[in-house]
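Single-letter residue listing:
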Amino acid sequence: MRFELTEEQQLVQAAARGFAQERIAPRAAAIDHDEKIPADVLDGLAELGLFGVNLPESLGGAEAGVVAYHLAMREVARACASTAVTMAVTNMVGEVIAAFGDEETRRAFVPRLCDGSLRAGSFALSEAEAGSDPGAMRTTARRDGDAWVIDGSKQWITSGDFAGVFVVWARTGDAGPKGISAFAVPSDTPGLSVGRHEDKMGLRGSSTTALHFEGCRVPASALLGELHGGFRIAMMALDGGRIGIASQAIGIAEAALDAAIGYAKERQTFGEPLANRQAIQWMIADGRTELDAAILLTQRAASMKERGVRFSREAAMAKVYATEAAWRICDHALQIHGGYGYTKEYAVERHLRDVRVTRIYEGTSEIQRIVISRDVLR
Ligand code: COS
């Protein structure tokens with residue numbers, strides 16, 4: 001067993017770190033405040049290959065693998081969690097279209113996702129009453145000649161107002177998971193409109209919207225994979241997505257812990273730095289230990305995906321552990337900052353707001369435990 005990163009993985013990590021620390025981190029508070037990711041940040045991610053880290057070079061990707069993707073996600077999230085989730089969903093959408101689209105569809109979307117010209121990809125699975133249980137979705141797609149016509153609404157859609165392409169799941173058959181198909185839908189398709197913007201607690205730089213489909217026609221070739229095979233595609237994509245969100249949570253917690261360590265060394269109480277207090281030392285020791293455990297779990301899942309073996313259980317373990325640990329670490333980092341941590345003068349309040357959703361989206365912690373226990377008890 002080897003724990004060292006390869007040369008290529010180290011290069012991706014260093015490039016992502018350099019860009020994230022120089023060009024994103026100094027603007028993270030403004031991204032949160034203005035609720036918008038600047039265009040040059042998206043351009044920079046694309047130039048570094050971070051919109052298609054695990055996609056083949058033949059489709060414009062960096063072909064650097066899943067461990068490299070995890071490393072890059074961590075670095076971007078350490079600088080700005082909103083930018084990181086935009087990157088995560090774009091990579092996920094690129095991978096779905098590359099794996100399940102026909103040649104024409106892959107060529108139409110994947111290179112333009114990777115080079116940034118589509119701005120972002122968006123994953124339209126959840127609905128108002130179908131989040132943890134996507135098998136209950138109501139959006140429909142019916143065949144009409146050589147087209148599919150989509151009707152319904154989606155909710156909680158990351159980058160819904162600026163992504164150039166959506167992967168949309170819709171009911172093509174019976175009730176439940178077996179009657180669902182997936183489609184690649186360009187954002188300028190007539191009949192597709194952007195709905196309400198969510199006013200969120202955190203990740204405020206990343207837009208989250210509803211989408212409405214009214215007689216939205218896409219060609220037959222927009223179908224991804226098999227007819228009625230969409231639920232499996234969603235589950236496979238979410239397995240990979242969970243590695244991304246675990247990595248995002250780790251990156252946010254790394255930023256919070258670094259800030260707490262810096263503050264604890266500087267801040268004096270009772271004539272000594274806070275870092276001399278055992279209560280503070282234990283929070284820092286536990287935080288660093290949990291972060292390392294989260295990193296190891298996530299890298300194991302990433303390396304299994306890279307090797308092509310089934311990794312659903314391991315991705316769920318990585319996600320539930322990393323996101324729950326990251327929440328505790330961010331909370332302790334804020335506690336170490338005392339009252340200052342509760343103000344916008346310090347970044348820890350943003351980290352705490354941003355990290356909270358990682359325990360919810362791409363499968364709640366409760367859903368991860370369902371995935372793990374079903375597999376363990378099988
Ligand atoms: N990879 C491949 N196939 C999978 C799979 C996976 N990880 N998970 C399930 N499937 C397949 C199953 O094998 C089954 O097919 P067969 O009957 O042919 O074997 C089919 O999909 C249905 O699976 P299952 O019966 O387990 O579906 P459930 O409705 O019980 O759902 C959970 C299972 C809870 C795991 C699923 O609904 C889930 O992950 N929910 C969370 C969704 C989510 O993350 N939402 C957030 C969206 S992004 S913000």
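Residues numbered from 1 in each chain as written. Predicted model: local features only at pLDDT ≥ 70, side-chain atom pairs only at ≥ 80, totals over all residues. Heavy atoms only, no water.

### Comments concerning the overall build of the protein chain
The secondary structure content of the protein chain amounts to eleven helices and ten strands. Overall size of the protein chain, expressed as C-alpha extent along the three principal axes, is 80 × 45 × 40 Å. Expressed as a percentage of its 378 residues, the buried residues of the protein chain come to 55%. A sequence separation of at least 24 residues applies to 72% of the contacts in the protein chain between residues at least 6 apart. Summed over its atoms, the accessible surface of the protein chain is roughly 16600 Å², and 53% of this surface lies on carbon and sulfur atoms. In the protein chain, the 42 positive side-chain charges and the 49 negative ones have mean positions that sit 4 Å from each other. (Helix = DSSP H or I, 4+ residues; strand = E, 2+ residues; numbered from the N terminus. Buried < 20%, exposed > 50% of the residue type's maximum accessible area, 1.4 Å probe, protein only. Contact = heavy atoms within 4.5 Å. Areas by Shrake-Rupley, 256 points an atom, 1.4 Å probe, with all protein chains shown as cover. Lys, Arg positive; Asp, Glu negative; His and termini not counted. Charge placed at Lys NZ, Arg CZ, Asp CG, Glu CD.)

### A few points about the site of the ligand
Taken together, the neighbourhood of the ligand is formed by 21 residues, with S132, K178, D239, R242 and R374 sitting nearest. Here a nitrogen atom of the ligand and a backbone polar atom of G131 are 3.2 Å apart. At 3.3 Å, a side-chain N or O of S312 approaches a nitrogen atom of the ligand. Taking 1000 Å² as the accessible area of the ligand by itself, protein coverage stands at 69%. Counting only elements with at least two residues in the shell around the ligand, the list comes to α7 (230–266) and α11 (365–377). Residue contributions to the shell around the ligand peak at seven residues, all from α7. The residue makeup of the shell around the ligand, split by class, is nine nonpolar, five polar and seven charged. Two domains each provide a minimum of three residues to the shell around the ligand, namely domain 2 (121–228) and domain 3 (231–377). (Near = heavy atom within 4 Å. Polar contact = N/O pair within 3.5 Å; in protein donor to acceptor, adjacent residues only side chain to side chain. Nonpolar A, V, L, I, M, F, W, Y, C, P; charged D, E, K, R; others polar. Domains from an automatic or database assignment.)

### What about the domain arrangement of the protein chain?
It is common to report an interface's size as the accessible area lost on association of the parts. Each assigned domain of the protein chain is listed here: domain 1 (7–114), domain 2 (121–228) and domain 3 (231–377). Computed over C-alpha atoms, the centres of domain 1 and domain 3 are 20 Å apart. Taken together, the contacts link 24 residues of domain 1 with 26 residues of domain 3. Both faces considered, domain 1 and domain 3 share a buried interface measuring about 2100 Å² in area, 64% of it formed by carbon and sulfur atoms. At the boundary of domain 1 with domain 3, the tally comes to four salt bridges. (Buried area = accessible area lost by both parts, 1.4 Å probe. Salt bridge = Lys/Arg side-chain N within 4 Å of Asp/Glu carboxyl O.)

### Notes on the pairing of strand β7 (residues 208–219)
As defined by bridge partners, strand β3 (residues 147–158) adjoins β7 across nine bridges and the pair is classed as antiparallel. Paired with I150 across the strands is C216, a residue of β7. Sheet topology places strand β6 (residues 192–197) next to β7; four bridges connect them, and they run antiparallel. Directly across from V194, in β7, lies its bridge partner L211. (Pairing = 2+ DSSP bridges.)

### Here we look at the packing of aromatic side chains
Under the defined criterion, the tally for this structure stands at four aromatic pairs. A ring pair is formed by F123 and W169, whose centres lie 4.5 Å apart and whose planes are at 55°; its orientation type is tilted. Residue F123 is located in strand β1 (residues 121–124), and its partner W169 is located in strand β4 (residues 165–171); the two are separated by 46 residues in the primary sequence. Here the aromatic cluster, defined as three or more aromatic residues joined through ring pairs, consists of Y263, Y340 and Y346. One cation-aromatic arrangement involves R356 over W327; the distance from NZ or CZ to the ring centre is 5.4 Å. (Phe/Tyr/Trp six-rings, centres within 6.5 Å; stacked < 30°, edge-to-face > 60°. Lys NZ or Arg CZ within 6 Å of the ring centre and 35° of its normal.)

### Structural notes on the pattern of salt bridges
For the structure on display, the rule yields 26 salt bridges. Among the ionic pairs, R217 bridges to D144, the shortest N-O distance being 2.9 Å. Linking R217 in strand β7 with D144 in strand β2 (residues 140–144), this pair joins segments that are 73 residues apart in sequence. What makes R217 partly exposed here is its relative accessible area of 43%. Sharing partners across several salt bridges, the network here consists of R17, E75, R78 and D258.

### Points about the packing of helix α9 (residues 312–337) against helix α10 (residues 348–356)
A pair of packed helices is captured by two measures, namely the crossing angle of their axes and the spacing between those axes. Two elements in contact, α9 and α10, have axes whose closest approach is 9 Å; the angle formed by their N-to-C orientations is 160°. Put simply, α9 runs roughly antiparallel to α10. The chirality of how α9 crosses α10 is left-handed. Of the residues in α10, those touching α9 at A326, W327, C330, D331, A333, L334 and H337 are V348, E349, H351, L352, V355 and R356. For the contact of α9 with α10, the residue count by class is eight nonpolar, two polar and three charged. (Axes fitted to C-alpha atoms, helices over the stretch in contact; angles between N-to-C directions. Parallel < 35°, antiparallel > 145°, perpendicular 65-115°, else oblique. Left-handed = near helix turned anticlockwise from the far one by under 90°.)

### Some remarks on α7
For α7, with 37 residues, the first-to-last C-alpha span of 53 Å sits near the 54 Å given by 1.5 Å per residue. With respect to burial, α7 is a largely interior element, 27 of its 37 residues being buried. (Expected span 1.5 Å × (residues − 1).)

### Quick word on the nonpolar core
In terms of nonpolar packing, the biggest core is built from 87 residues, with I24, M87, F123 and W169 touching the most fellow members. The dominant element in this core, judged by the number of residues it contributes, is α7, at 15 residues. Residues within four places of I24 in sequence aside, it is in contact with F19, I31, V41, L45, V76, A79, C80 and T83. Core analysis: the next-biggest nonpolar cluster, separate from the first, contains 19 residues, A124, I157, V218 and L223 among them. (Core = buried A, V, L, I, M, F, W, Y, C linked by side-chain atoms within 4.5 Å.)

### Topic: the environment of I24
For I24, the position within the fold is in helix α1 (residues 7–24). Since its relative accessible area comes to 0%, I24 is described here as buried. Between the C-alpha atom of I24 and that of L203, which follows or precedes it by 179 residues, the distance is 14 Å.

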